[in-house]
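Spelled out, the chains give:
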Number of protein chains: 2
Amino acid sequence: MKKFVNDPKQFVPEMLKGIALANPDTLKYVPEYNLIMRTDAPNDDKVSIIQGSGSGHEPAHVMAVGRGMLDAACPGDVFAAPPSDYVYETTKLLASKKGVLHIINNYTGDRMAFDMGRELAEAEDITIATILVDDDVAVKDSLYTVGRRGVAGNFFVIKAVGAASEEGASLEDLVALGNRVNSVTRTMGMALTSCTPPAKGSPLFELGDDEMEMGVGIHGEPGRRREKLASANDIVDELLDACVTDLPYSSGDEVALMINGLGGTPISELYILYGRAAEQLASQGIKVTRSYVGEYCTSLDMAGASVSLVKLDDELNRLFDAPAEVAVRIF
Amino acid sequence: MKKFVNDPKQFVPEMLKGIALANPDTLKYVPEYNLIMRTDAPNDDKVSIIQGSGSGHEPAHVMAVGRGMLDAACPGDVFAAPPSDYVYETTKLLASKKGVLHIINNYTGDRMAFDMGRELAEAEDITIATILVDDDVAVKDSLYTVGRRGVAGNFFVIKAVGAASEEGASLEDLVALGNRVNSVTRTMGMALTSCTPPAKGSPLFELGDDEMEMGVGIHGEPGRRREKLASANDIVDELLDACVTDLPYSSGDEVALMINGLGGTPISELYILYGRAAEQLASQGIKVTRSYVGEYCTSLDMAGASVSLVKLDDELNRLFDAPAEVAVRIF
C-alpha cells in the first residue's frame, strides 16, 4: 500500500487533527465525536448546517467547514457512516435557536445514522430539518442504495444554503433552497482505477489494465457498466450526456459545470475533460457561466472524474458569488 | 496507461485550452506559443512576470497566472523546457515599460531556453531581469542539474513578487525581493510511486512495491536514496529535518509550512503529514503562522509529497496576505 499512513485506525483522527492545526483561528477539532466545527459556531442568529458521511471523500466534507459553507462535519471512518451518537452530539454542540440543518448524501447508512441522531436530539428540544442529496444519475435502487446516490453535486447544495444561512435565512427557507439546488443538479462519474482504503491495504475492487467503470460510486460501488478504456473525449461526452438528458438541460440554459477529480487524477487531465465538456455544451446552446475544476468529492486515491451540472438563476448566482472560507486553498 | 488523454501529442494544448475556457474573463490562451496570459496584460504600470517550465507540474505554472501572481506562463511539453522562441515571443507579448521578470526553476534546459529567449528579446530593447529558484535541498549538482533544483517553494517567490508588482515595485526591487524569498525557502520531496508521462505510456521509472525515493525530483530524478517504505511520521520527519537544518530555521522563527502533493496523493494524507510537521516544528520553537496544504507543483500522477518552509517577516506576511486570483479554486 503506497500511502502516507501511520496506524490505519488513526487515519481519520490524524487527518482531522491536521486540518484543525492548519486552521487554528477558524476550525476546531473535537476528537470525542470525530468533529470539525467552526470556532465561532453555534450562532443563534443563523441556522447551523451539519454534514456527516464516510471519510475518504476529502475535501468533502470536513474541508468544507467554514463561513458561508458548513458549520460542522462529523465524518465516520473511511467509507463508513458516522455513528448516530456522533450525529447526536454534533447536533447538540451546534444547537442554534434558529435550528439545525442536516445535509445527508443519500446512502442507507448515512440516513440511518442521521435519523437516529436526529431523534435523540429532537428529544432535547432541538429543531432539526433534513436535506437529502441525490444528484448521481448513474444508478437508482442498486444493491447499495435506495434511490439515487449523493455525490459531488452536494457541494452546490452546501454553498447555496451556507450563503443563505449567513444572510439569516430560516430553517424552512434553507430546506426549500437546498432541495431546489438538488433538483437542478446532476452528476455522473467514472473510474479509471480502484482505490485503496488504508485499513484494507489493498485495492477495494479489481479493474483490468484496459478497463474502466462508467457510473462508479464514490465508495467504489458498481456503475452502469464496465468497458474498455476510451479516449478522454468519449468518456466526458458520455458523462455529460447522461447529465444533460436526465434533467434535461436545454438550449438557453445557463449552467455551472464542475469537473471533479476522484483523488488520483492530476488537475491537468481534469482541464482536458473541462475543455471538451464546455465545447459540447456550447454546441447545444447551453451556456457555462460558472466553472469548477479540481477535487471536491473524492474516493481516496481513485483515478477518475465526475461531471456535474447545475441550472443557474439569479438567486443561485448571487449565493454562489458569496464568500466561502474553507480550509482548502492554494494561495 | 490509466489517464484521461486523447492524442498524447495534444495533451498540453488541450489542457491549456481547458484552462482558458474555464476562465474566459481573466485568462487567454495563445496556441502559437503554448502561452497562458492574463487578458489585462501587459500593463506599462507594472512589471510583467513570466514563468516557463515543463508541463506536468500543474497547478505550476499555467494555473498560477492571474492578478497578484504571474502575468503569463509558457510551458513546454510534459517535463520538457519551453522552446526558446516561445520564451522570446511570450516576452515580446508581455513587454512592459517597467520591464519583464523571468522566474526560472533551476534546471539546465529551462535556463538555456530562457537565456536564449532573453537575448533575442533584449535585442528588441525589452528590459528583462531573471530570478533563479533553487529551493530543493535534496541534491546538488546531480546528473540532471547544476546546483540545486527549483520545486514547490517557487510558489512563494511568485506570490511575493506578484503582489509587489501589483503595488508598482520596480524590476530591480522585484529581483531583490524574489531572491530574498528564495534564500529563506527550503523544500524536500519524496515519491511513493513513479508517474506516467502521456507520451511514454508507461511509468517513468521503476519503484518496488515496498520502496520509496527520498529526495525525488519533480521529473522523477533520483533523490538522496531509495529505501524501504516508512510510516507517514518517519517520512515527514526526515523531509522536515532536511529543510530545517539546511537554512537553518531555529527557535523563535515564524514560518510558512507547505505540504505539497505530487499529483496522485489524496489531500487526506497530506493533512496527516501536515499535522505531524506542525507538531514537530512547535516542539522546536518554530512557529507556523501560514499553512498551505494541497497541490502546487506536481509530477503528473506521482504519489508523494514535499515539505517547504519559508522564514517569514513583516514584509513577506503583507505580500502573502495580498489577493491572488488564480484558476484553481474549490469555491
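Calculation criteria
Residues numbered from 1 in each chain as written. Chains lettered and ligands numbered in written order. Predicted model: local features only at pLDDT ≥ 70, side-chain atom pairs only at ≥ 80, totals over all residues. Heavy atoms only, no water. Helix = DSSP H or I, 4+ residues; strand = E, 2+ residues; numbered from the N terminus. Rg over C-alpha atoms; globule rule 2.2 N^0.38 Å. Buried < 20%, exposed > 50% of the residue type's maximum accessible area, 1.4 Å probe, protein only. Areas by Shrake-Rupley, 256 points an atom, 1.4 Å probe, with all protein chains shown as cover. Lys, Arg positive; Asp, Glu negative; His and termini not counted. Charge placed at Lys NZ, Arg CZ, Asp CG, Glu CD. 1 Å grid on protein atoms, 1.4 Å probe; cavity = no way out; pocket = protein on both sides within 12 Å on 5 of 7 lines; lining within 4 Å. Points joined across faces, edges and corners; volume = space filled by probe spheres on them. Domains from an automatic or database assignment. Contact = heavy atoms within 4.5 Å. Buried area = accessible area lost by both parts, 1.4 Å probe. Salt bridge = Lys/Arg side-chain N within 4 Å of Asp/Glu carboxyl O. Polar contact = N/O pair within 3.5 Å; in protein donor to acceptor, adjacent residues only side chain to side chain. Nonpolar A, V, L, I, M, F, W, Y, C, P; charged D, E, K, R; others polar. Phe/Tyr/Trp six-rings, centres within 6.5 Å; stacked < 30°, edge-to-face > 60°. Disulfide = S-S within 2.5 Å. pLDDT = per-residue confidence, 0-100. Pairing = 2+ DSSP bridges. Axes fitted to C-alpha atoms, helices over the stretch in contact; angles between N-to-C directions. Least-squares fit on C-alpha atoms with pLDDT ≥ 70 in both.

Glancing now at the overall build of chain A. For chain A, the count of helices and strands is eight helices and twelve strands. The C-alpha radius of gyration of chain A comes to 19 Å, within 12% of the 20 Å expected for a compact globule of 331 residues. With respect to the principal axes defined by its C-alpha atoms, chain A has extents near 55 × 50 × 40 Å. Within the span of chain A, comprising 331 residues, buried residues form 64% of the whole. Of the roughly 11,200 Å² that chain A leaves accessible, carbon and sulfur atoms contribute 47%. Side-chain charges of chain A comprise 30 positive and 49 negative groups, with the mean position of each set lying 1 Å from the other.

What follows concerns the layout of surface pockets. In this approach, a probe sized like a water molecule rolls over the atoms, and the result shows the empty space that is left. Considered as a void within the structure, the second largest pocket measures approximately 1,200 Å³ in volume. The wall of the second largest pocket is formed by 42 residues, among which Thr193(A), Asp301(A), Thr193(B), Ser194(B) and Asp301(B) lie closest to the centre.

On to the domain arrangement of chain A, then. All names here are of chain A. We note that the domain assignment places domain 1 (10-183) and domain 2 (185-321) within chain A. Each of domain 1 and domain 2 has a C-alpha centre, and the two are 23 Å apart. Facing 33 residues of domain 1, the contacting portion of domain 2 comprises 40 residues. Of the roughly 3,100 Å² buried at the junction of domain 1 and domain 2 (both faces included), carbon and sulfur atoms supply 63%. Sorting the residues of domain 1 by area buried against domain 2 places Phe79, Val137 and Phe156 first, and these three jointly supply 22% of that buried surface. The salt bridge partner of Arg180 is Asp313, with a shortest N-O separation of 2.6 Å. Run the count over domain 1 and domain 2 and you get 19 residue pairs in polar contact (both at pLDDT 80 or more). Those elements that place two or more of their residues in the side of domain 1 that touches domain 2 are helix 4 (154-166) and helix 5 (171-183).

Further remarks concern the interface of chain A and chain B. The partner chain B presents 65 residues to the 65 residues of chain A that form the contact. Surface buried jointly by chain A and chain B totals about 5,600 Å² across both partners, of which 67% is contributed by carbon and sulfur atoms. The largest share of the area that chain A buries against chain B comes from Lys2(A), Phe4(A) and Phe331(A), three residues that together contribute 20% of it. The interface formed by chain A and chain B includes four salt bridges. A salt bridge links Glu279(B) to Lys17(A), with the shortest nitrogen-to-oxygen separation between them at 3.2 Å. Here chain A is connected to chain B by 18 residue pairs in polar contact (both at pLDDT 80 or more). Those elements giving two or more residues to the side of chain A that touches chain B turn out to be helix 1 (11-22), helix 4, helix 6 (232-246), helix 7 (267-283), strand 11 (287-294) and strand 12 (304-311) of chain A. The element best represented in the side of chain A that touches chain B is helix 7 of chain A, accounting for ten residues. Tallied by class, residues from the side of chain A that touches chain B come to 37 nonpolar, 14 polar and 14 charged.

Across all of its chains, the model carries ten aromatic pairs over all chains by this definition. Between Tyr33(A) and Tyr86(A) the ring centres are 6.2 Å apart and the planes differ by 70 degrees, which places this aromatic pair in the edge-to-face class. In this pair, Tyr33(A) is assigned in the loop between strand 1 (27-30) and strand 2 (35-38) and Tyr86(A) in helix 2 (residues 84-93), connecting sequence segments 53 residues apart. Tyr33(A) gets classed as partly exposed once you look at its relative accessible area, which sits at 22%. The partly exposed category is assigned to Tyr86(A), whose relative accessible area is 22%. For the pair Tyr292(B) and Tyr296(B), a centre-to-centre distance of 6.5 Å together with 75 degrees between the ring planes defines the contact as edge-to-face. Per residue, the accessibility class of Tyr292(B) equals that of Tyr296(B), and both read buried.

This part is about the state of the cysteines. Residue and element names in this part refer to chain A. This model, assessed by the stated rule, comprises zero disulfides over all chains. Summary of cysteine pairing: Cys74 is not part of a disulfide, and the nearest cysteine sulfur, belonging to Cys297, is at 16 Å. Since its relative accessible area comes to 1%, Cys74 is described here as buried. With no disulfide partner, Cys243 has as its closest neighbouring cysteine sulfur the one in Cys297, 14 Å distant.

Right, let's get into the confidence of the model for chain A. In this model, chain A carries an average pLDDT of 96, and 100% of its residues clear a pLDDT of 70 or more. Complex prediction metrics read pTM 0.97 and ipTM 0.97.

All names here are of chain B. Spatial ordering of the open sheet is given by 1-2-4-3-5-6, a layout of six strands whose pairing is mixed. What marks the edges here is a single partner per strand, and that holds for strand 1 (27-30) and strand 6 (128-133). Note: strand 1 against strand 2 (residues 35-38), four bridges, orientation antiparallel. Within strand 2, the position partnered with Leu27 by the bridge is Arg38. Across the sheet, helix 4 (residues 154-166) touches strand 2, strand 3 (48-51), strand 5 (100-105) and strand 6, and the angle it forms with strand 5 is around 170 degrees. Packed on one face of the sheet, helix 5 (residues 171-183) meets strand 5 and strand 6 and runs near 5 degrees to strand 6.

Further remarks concern the relation of the copies chain A and chain B. Superposing chain A onto chain B takes a rotation of 180 degrees plus a shift of 0.0 Å along the axis, which leaves an RMSD of 0.0 Å. Taken together, these values place the two copies in the relation of a two-fold axis. Relative to the rotation axis, the C-alpha of Gly264(A) is the closest in chain A, positioned 2.2 Å from it. A shared interface surface links the copies, since 98% of the contact residues of chain A are contact residues in chain B too.

Below, the discussion takes up the environment of Ile218(B). Residues and elements named next belong to chain B. The topology assignment puts Ile218 in the loop between strand 8 (211-214) and strand 9 (225-228). Between the alpha carbons of Ile218 and His57 there is a distance of 7.6 Å; along the sequence they are 161 residues apart. Ignoring any residue separated from it by four or fewer positions in sequence, one finds Ile218 in contact with His57, Phe79, Tyr107, Gly150, Val151, Cys297, Thr298 and Ser299.

Moving on, we get to the sheet that holds strand 10 (residues 254-261) of chain B. All names here are of chain B. If you walk across this open sheet you meet the six strands as 9-8-7-12-10-11, and the pairing is mixed. Here the strands that pair on one side only, and so sit at the sheet edges, are strand 9 and strand 11 (287-294). Averaged over neighbouring strand pairs, the angle between their axes works out to 20 degrees when direction is ignored. Here helix 6 (residues 232-246) sits on the sheet in contact with strand 7 (185-191), strand 8, strand 9 and strand 12 (304-311), set at roughly 155 degrees to strand 7.

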